[in-house]
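Residue-level structural notes
Listed below, chain by chain, are the residues.
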Amino acid sequence: MSARSESGSTLVETIVALFLLGLALTGILPAFSTILQTNTRCETRSNAVAAAQQVLDALRIEDPESLPMSGASAPQLLTVGGDEYEVITRFCVDAALCSPTRRQIVVEVQRSGSKVFDVETVFAQLR
Amino acid sequence: MSKRFLPSSAEGFSLIEVLVSMSVMLAITAATLSLAVSSRGIYEADEARTQLNQKLRSALDIIATDLRQAGERLPGDFPAIEIVDGGAGVPDRIVVRRALLETVLPLCVDHIGPGAEIFVATAVTPPPGCTPITDGDGDGFPDNMGDWRAQRLAGGGTLRAYIYDPVTRNGEFLDYSDEDAGAYSIHRGDAIPWAHDYRVVNLSRVYILEERSYALSGTTLQLVIDGTPTIFDVVDSINDMQAVVNLQDGSTQDSFGTADLWAELASIEVSLVGVGQHRDAQLVRELSTAVFPRNVLSQ
């Protein structure tokens, strides 16, 4: 009788143990992939920030008065960290921030068509 | 064996049960373990990549910040930025300089040969570049020397100064350790022999500036401040550093020396190549950025 009950519990035990293992793994494995996704997003975003910074830096050399009062630049392709980013520079999106000596600049960084990062500033000549 | 151990079929069944359950368990455990191990492998590879990215990014940010600030309070004929081209496949060296004090001392007596003193004012008719001595604040020092003295005392008694001849484009660092109000001179405190002569007619002058020089030693990005023997390790795992200079006229240079005018710069592109290791696989990543030294606009 005792042998019977022991052997019977082996199957139940195994199933329960496997169930618990499965439960634990379904909890852990998605966490791994979430970390991977977060890391990738983080990298994309920091590359996008670098791309925006580079575009704004290049605009600094221009006299703000020579920059357009409206519209957007043609998308600029930049490769940062092996990935390609499209940078669109818009001028005077908020006309109130612009004057003949002042330009509002909005820089938007896209990766394969979707926006990753945008930043805006106002440039004026202080010389 | 005997009927006492009945039901015998139940005993036989339990052995099969054990075998089946063990093999099922083994199969499932093997599958889940291999899944877990491969997940961990991917996670570790990702971690190595992220770490390498972070190293490259921070190294690039540190260099870019210095390049943006380069040339602060410095005139156009002073070599604020130097790119020493290493040649194909050899890392470059990037040197940036910025003045820490607005006051620049002119050289008023030719400095030729040894001698710890640099004469920066003169009581007799001042040569070109040397302003007549005025002591507006009455501290016993000509005003420009007084500024230097105040800066020196605030800096702990000794400052790194840089003497520069804009015609020969020779310059060197020295420890500025004292000044003499009567002789209108500042003193070189270190015992290092002079590398060059400096002439008044060339409008030689002395700056209190900060020089930061970035170069690779092996795979470590190192920083040398003010030419001192102290070397700071910035970031490791860097295999290559290349800089390209874009000028405002559209031309491009691989090197930028003391004879080049930094006021003509449009941007400096810095590229870093990092190498990491994940298990047996080598991880190579390149990161580059272009910066515009803002002080070009002050020229």
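This report concerns the structure included in the present document.

1. Some words on the overall build of chain B
- Helix and strand counts for chain B stand at two helices and 14 strands.
- For chain B, whose C-alpha radius of gyration is 33 Å, the value lies well above the compact-globule estimate of 19 Å for 299 residues.
- Projected onto its principal axes, the C-alpha positions of chain B cover 130 × 45 × 30 Å.
- Out of the 299 residues in chain B, the part that is buried amounts to 44%.
- Sequence separation of at least 24 residues holds for 62% of the intrachain contacts in chain B that already meet a minimum separation of 6.
- With an accessible surface of roughly 14,500 Å², chain B has 57% of that area assigned to carbon and sulfur atoms.
- Across chain B, the mean location of the 22 positive side-chain charges is 11 Å away from that of the 41 negative side-chain charges.

2. Considerations on the nonpolar core
- In this structure, Val 109 of chain A together with Leu 67, Ile 81, Ile 94, Met 241 and Leu 265 of chain B are the most contacted members of the largest nonpolar core, which totals 59 residues.
- Take this core: its biggest share by element is seven residues, from helix H1 (residues 2-59) of chain A.
- Contacts of Met 241 of chain B, omitting those with residues within four sequence positions, involve Ile 63, Pro 91, Asp 92, Arg 93, Ile 94, Tyr 214, Ala 215, Leu 216, Leu 221, Val 270, Ser 271 and Leu 272 of chain B.
- Counting residues in each nonpolar core, the second largest holds 19 residues, with Trp 148, Ile 163, Trp 194 and Val 200 of chain B among its members.

Criteria and cut-off values
Residues numbered from 1 in each chain as written. Chains lettered and ligands numbered in written order. Predicted model: local features only at pLDDT ≥ 70, side-chain atom pairs only at ≥ 80, totals over all residues. Heavy atoms only, no water. Helix = DSSP H or I, 4+ residues; strand = E, 2+ residues; numbered from the N terminus. Rg over C-alpha atoms; globule rule 2.2 N^0.38 Å. Buried < 20%, exposed > 50% of the residue type's maximum accessible area, 1.4 Å probe, protein only. Contact = heavy atoms within 4.5 Å. Areas by Shrake-Rupley, 256 points an atom, 1.4 Å probe, with all protein chains shown as cover. Lys, Arg positive; Asp, Glu negative; His and termini not counted. Charge placed at Lys NZ, Arg CZ, Asp CG, Glu CD. Core = buried A, V, L, I, M, F, W, Y, C linked by side-chain atoms within 4.5 Å.

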